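Residue strings, one per chain:
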Amino acid sequence: MTGIIIVAVSVFAAAYLIIKKYYAPGALLLVGMVTLAIVAFISPDPLITGKKATHLDGLDVVQTFTNLLQTRAAGLGMNIMVIGGFSYYMDKIGAGRALVRLSVKPLSYIRSPYLVMMLGYGLGILLNVFIPSAAGLALLLMVSLYPVICSAGVSRQSAAATIVMTGCFCFGISGPNNLLAAELTNMHIMDFFINVQWAVGCLAVPVSLVVHFFVQRYFDKKDLASGRITQADFEPPMSENSDNTEDAPAYYALFPLTPVVLLFVFSPLMYQGIRMEVVTAILSSTFFAFIIDGIRRMNLRQSLDQLKSYSQGMGKVFASTVFLIVCAEVFAAGLTKSGGIATIIESVSGLQTGAIALFTVMFIIVAASAFVMGSGNASFFSFAPMIPDAAANLGAHAAYMISPLQLVSGMARSSSPVAGVTIAVAGLSGINPFELVRRSIPVMIPTALTVYLTSIFYI
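Every chain is numbered on its own, with residues counted from 1 as its sequence reads. Restriction of local features to residues with pLDDT of at least 70 applies here, the model being predicted, together with a cutoff of 80 or more for giving and counting side-chain atom pairs; totals for whole chains, interfaces and linings are based on all residues. Just so you know, side-chain values use all the structure's heavy atoms and leave hydrogens and water out.

Visitor: Explain the pattern of salt bridges to me, using residue names and the numbers behind them.
Guide: Counted as salt bridges are all cases of a side-chain nitrogen of Lys or Arg within 4 Å of a carboxyl oxygen of Asp or Glu. This model, assessed by the stated rule, comprises 10 salt bridges. The partner of arginine 439 in a salt bridge is aspartate 220, with the nearest N and O atoms 3.1 Å apart. Residue arginine 439 is found in helix H21 (residues 433-458), and its partner aspartate 220 is found in helix H11 (residues 204-226); the two are separated by 219 residues along the sequence. A salt bridge links aspartate 293 to arginine 296; the nearest nitrogen and oxygen atoms lie 4.0 Å apart. Remark: arginine 296 and aspartate 293 occur in helix H13 (residues 278-297); sequence separation between them is three residues, near one turn of the helix. One connected set of salt bridges, linked through shared partners, spans Asp220, Asp223, Arg228, Glu435, Arg438 and Arg439. Only DSSP runs of H or I with at least four residues qualify as helices, and only runs of E with at least two residues qualify as strands; both kinds are numbered from the N terminus onward.

Here it is in structure tokens:
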């Protein structure tokens, strides 16, 4: 019972600090270390055993942070940083914009306003496979897709909500949550993506598209009639290109696709004679893009200057994503060491429908955490590592438990007014973040329920 109380107080404290707009990684780290300190004080068992133990309770609290930082920075964290560097480099040379520009162009020929919006949403979901950052993708789409949707005849509010939700599924091979999910299930990333992630989420995609169509049309009519929005909200925005990224040739659109192609071809799904790791695929794709870009420029100094963005991107991703993940894991370590999480898992596991009960509880916890934190990564990394052992004890398939948690973390983030993607789109569109999530939440709820019900079938 003491453990459950510690968990409840810790979660409340973290949620309170994040809602009050304290620095989220710092809030998670602070609450996690305080929780670990309390557990070290009241528990007769040491926090750390074996070679990593310091043999002093106070230092064990800090050592927990040290161990997680070392593990993540050298393993999964390095993968994330390499992918982040690739994303920044693609943006710098204009490849990301070329991909989006080429993809968006056909939508300008469609005359039905809400069909354009729905197809634009589907296009964003597809592009998220190749551009894994929800905020990064949203910034590109605000320049290219947002004006197209607005010009079709929907409101600015509907168009902006569309952009916010494009990263809700987080399908693909390069997102941090995808990498962790594949690692936890001991699966090749392409195998996990195609045979598990897509199997769980395939029904949710059409549900999300159809619901989005009707929800935004309903809100546009209702808000226009009530005066909440005016006819001016349906006028296309002024064309502004504040981004200083250069326009690249259309064939640069192939560069962001290269890692996915390499990982698919050299995977158990196609050809196993060559082993291809995620980092190797990303680096190979970077060198390929660098060579082609260098040939086009015929200026070695300029090409190398562009490559500098790769290392800068790695540093930024460490600060924004890897550090957040480690802080979330310290927070999760505090909850785990308290014994409260184990008590909850044992309680639901003892029910007649143990696997489904456990999955339901974790599904709700991850969704609620992602909504409050505004981060799908933080919530997923906090709780997903608990699933494999619990699933094994219940005779359930861990991959089909973990995948929906990863998917719902993205959906809850797209419903959060404090998420980076929501704030970024709100700032560029001039629309209140709460107005955006007012339109995204009714879409994300049935989408998440579809994922949940589909997962029950596999579990």
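Visitor: Any details on helix H3 (residues 57-74)? Residues and values, ideally.
Guide: The α-helix advances 3.6 residues per turn, and as a result positions three or four apart in sequence lie on the same side. A helix is expected to reach a length of 1.5 Å times the quantity of its residues less one. In this model H3 runs 26 Å from its N-terminal to its C-terminal C-alpha over 18 residues, within 8% of the 26 Å that 1.5 Å per residue would give. Buried, partly exposed and exposed residues are distinguished by accessible area as a fraction of the type maximum, computed with a 1.4 Å probe on protein chains only: under 20%, between the cut-offs, and over 50%, respectively. Residues of H3 that are buried include every one of Asp60, Val61, Gln63, Thr64, Phe65, Asn67 and Arg72, and no others. By the convention used here, residues are in contact when the closest approach between their heavy atoms is within 4.5 Å. At its buried positions, H3 is contacted by helix H2 (24-42), helix H4 (76-92), helix H9 (176-184), helix H14 (300-337) and helix H17 (376-383).

Visitor: Break down the packing of aromatic side chains for me, citing the residues and quoting the values.
Guide: Two rings belonging to Phe, Tyr or Trp (six-membered ring only in the last case) form a pair when the distance between their centres is within 6.5 Å. Interplanar angles under 30 degrees mark stacking, angles over 60 mark edge-to-face geometry, and anything in between is tilted. What the rule picks out here adds up to 15 aromatic pairs. Taken together, a centroid distance of 6.5 Å and an interplanar angle of 25° make the contact between phenylalanine 12 and tyrosine 16 stacked. Residue phenylalanine 12 and its partner tyrosine 16 are located together in helix H1 (residues 2-19), separated by four residues, close to a single helical turn. Residue tyrosine 16 is classed as partly exposed on the basis of its relative accessible area, which comes to 44%. With 5.1 Å between their ring centres and 10° between their planes, phenylalanine 169 and phenylalanine 171 make a pair best called stacked. The burial state of phenylalanine 169 is the same as that of phenylalanine 171; both residues are buried.

Visitor: Got a sec to walk through a nonpolar patch on the surface? Specific residues and values, please.
Guide: Patch membership is restricted to residues that have no salt bridge and whose relative accessible area is over 30%. Joining uses 9 Å for like charges and 5 Å for the nonpolar side chains Val, Leu, Ile, Met, Phe, Trp and Tyr. Accessible surface is estimated by sampling points in the Shrake-Rupley manner with a 1.4 Å probe; for residues, cover comes only from the protein chains shown. The grouping of Ile194, Phe264, Leu269, Met270, Tyr271 and Ile274 at the surface amounts to a nonpolar patch, some 520 Å² of accessible area in total. A residue is classified by how much of its surface remains accessible, and isoleucine 194, at 31% relative accessible area, is partly exposed.

Visitor: Go over the environment of glutamine 157 with me, naming the residues and quoting the values.
Guide: Tracing the backbone through its elements, the reader meets glutamine 157 in helix H8 (residues 156-165). For glutamine 157, a relative accessible area of 6% gives the class buried. Note: C-alpha distance between glutamine 157 and alanine 73 (84 residues apart in sequence) is 39 Å. What glutamine 157 contacts, discounting residues up to four positions off in sequence, is Ile229, Asp233, Ile431, Glu435, Leu436 and Arg439.

Visitor: Explain the side chain of serine 455 to me, using residue names and the numbers behind them.
Guide: With respect to the helices and strands, the residue serine 455 is situated in helix H21. Other than its neighbours up to four places away in sequence, serine 455 contacts Val200, Phe359, Tyr400 and Pro404.

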